[in-house]
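# Structural overview
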Amino acid sequence: MAADLLGPAEIRELAARLGVHPTKKLGQNFVHDPNTVRRIVAAAGLTSADVVLEVGPGLGSLTLGLLPVAGHVHAVELDPVLAGALPETARRYAGPAGAARLTVHPADALRITAAELAEPAPTALVANLPYNVAVPVVLHLLAELPALRYGLVMVQKEVADRLVAGPGSRTYGVPSVKLAWYADARSAGRVPPNVFWPVPNVDSGLVAFTRREPPRPDVPRHQVFAVVDAAFAQRRKTLRAALAGWAGGPDRAAATLVAAGVDPGARGESLTVAQFAAIAASATVAARPAE
C-alpha cells in the first residue's frame, strides 16, 4: 500500500507543530512536491529486497515515498527534533506496516559507522542531501558501507555536475575522481528550486551511481586520494610541479609519472582515476628498499 505523501500544506503544518525553522547551517531544504518524491523513488529503481539509507530525511517527505517500495529504510537525521518526530510521521502517513520498516538514527552521517547500520545492512543510498556536506557524506558512506551497491542522491546542481564530470571537463576535479574510485556515476536529471521549502537560489541535480571494483585494488585508497588531492591543489600547474611536494621534488615527481605511463607535462584534469592509481602504485614501488 502506498503511503500518503506530504504536500506544501502538510509540510508547513508539521514544521509549525514541531517548532522547526529550516536552517542554512544544517543545509535544510525540505521537498514539498509529491510528484518530485515519486520521480526520485521511480528513478532509484528500488525493490522490496533493497535496504535504503536516507540521509537528512527532515520532515519525512521522501521517507514516505521510500517506505512502500523498500524492504527497510535507515534514516539518519542530525536534528534531534526531526529525528524524534519521524517515526510518528511514518505511522500517521504510511501506517503501522510502513513504520515498522523504518529505523531512525539520530546521528551525524559523516560519523556513522557500518556497525550502527548493520541490521539490516544498506544496499542503496537514496537521499536529498544537505547541500553543505553532500560530497563528504557520499564518499564517507561508500567507504564505510561495503554492501552499498548503488544510489540516487539529490544535490546542488553545481555539485552534481562535478560528481559526474569526466576527464578534460571544466568541472572535473577531486569529487569526480574520488567518486569514480568507488562507482560509475551519471546525471539523472535536474530539479527546480520551487519544489523545496524554503526555496533555494539554485537548481538541484540528481546523481545516480553504481558501485564497481576499484581500478587498482592492489593500491590503498588513501594513497590514491593523496595523489588526487595534490594534483588538484594547484590545478593550473603541470603534474610534475603539482606533485613535487607529494613526491619529494619535481624530478622525483617526473620519474614517478613516467614510470606510471603519465606525461609529466599533463595536468590533473586530464587523468582518469586509473591513471591516478597507477601514479600511486608507481610511487609505492619506487619507495621500496632495494633487495
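The coordinates are above.
A few points on the structure. (Residues numbered from 1 in each chain as written. Predicted model: local features only at pLDDT ≥ 70, side-chain atom pairs only at ≥ 80, totals over all residues. Heavy atoms only, no water.)

### A few points about the packing of aromatic side chains
In the structure shown here, the tally under the stated rule is five aromatic pairs. Ring geometry for Tyr182 versus Phe225: centroids 6.2 Å apart, planes at 80°, classification edge-to-face. Taken together, the residues Tyr182 in helix α7 (residues 174-182) and Phe225 in helix α8 (residues 221-233) connect sequence positions 43 residues apart. Phe225 sits in the buried class, given a relative accessible area of 12%. For the ring pair Phe232 and Phe276, a centre distance of 6.0 Å and an interplane angle of 40° mean the geometry is tilted. A residue pair is termed long-range when its members are at least 10 positions apart, and Phe232 in helix α8 and Phe276 in helix α12 (residues 273-287) qualify at 44 residues. (Phe/Tyr/Trp six-rings, centres within 6.5 Å; stacked < 30°, edge-to-face > 60°. Helix = DSSP H or I, 4+ residues; strand = E, 2+ residues; numbered from the N terminus. Buried < 20%, exposed > 50% of the residue type's maximum accessible area, 1.4 Å probe, protein only.)

### Considerations on the pattern of salt bridges
Inspection of the entire model under this criterion finds twelve salt bridges. Notably, a salt bridge pairs Arg149 with Asp50, separated by 3.7 Å at the nearest N-O pair. With Arg149 in the loop between α5 (134-144) and β6 (150-156) and Asp50 in the loop between α2 (34-44) and β2 (51-55), this pair connects stretches of sequence that are 99 residues apart. For Arg149, a relative accessible area of 44% corresponds to the partly exposed category. Judged by relative accessible area, which is 2%, Asp50 ranks as buried. Arg91 is the partner of Glu88 in a salt bridge, and the nearest nitrogen-oxygen pair spans 3.2 Å. In this pair, Glu88 and Arg91 both sit in helix α4 (residues 80-99), three residues apart, roughly one turn of the helix. (Salt bridge = Lys/Arg side-chain N within 4 Å of Asp/Glu carboxyl O.)

All we've got here are geometric facts, nothing functional implied.
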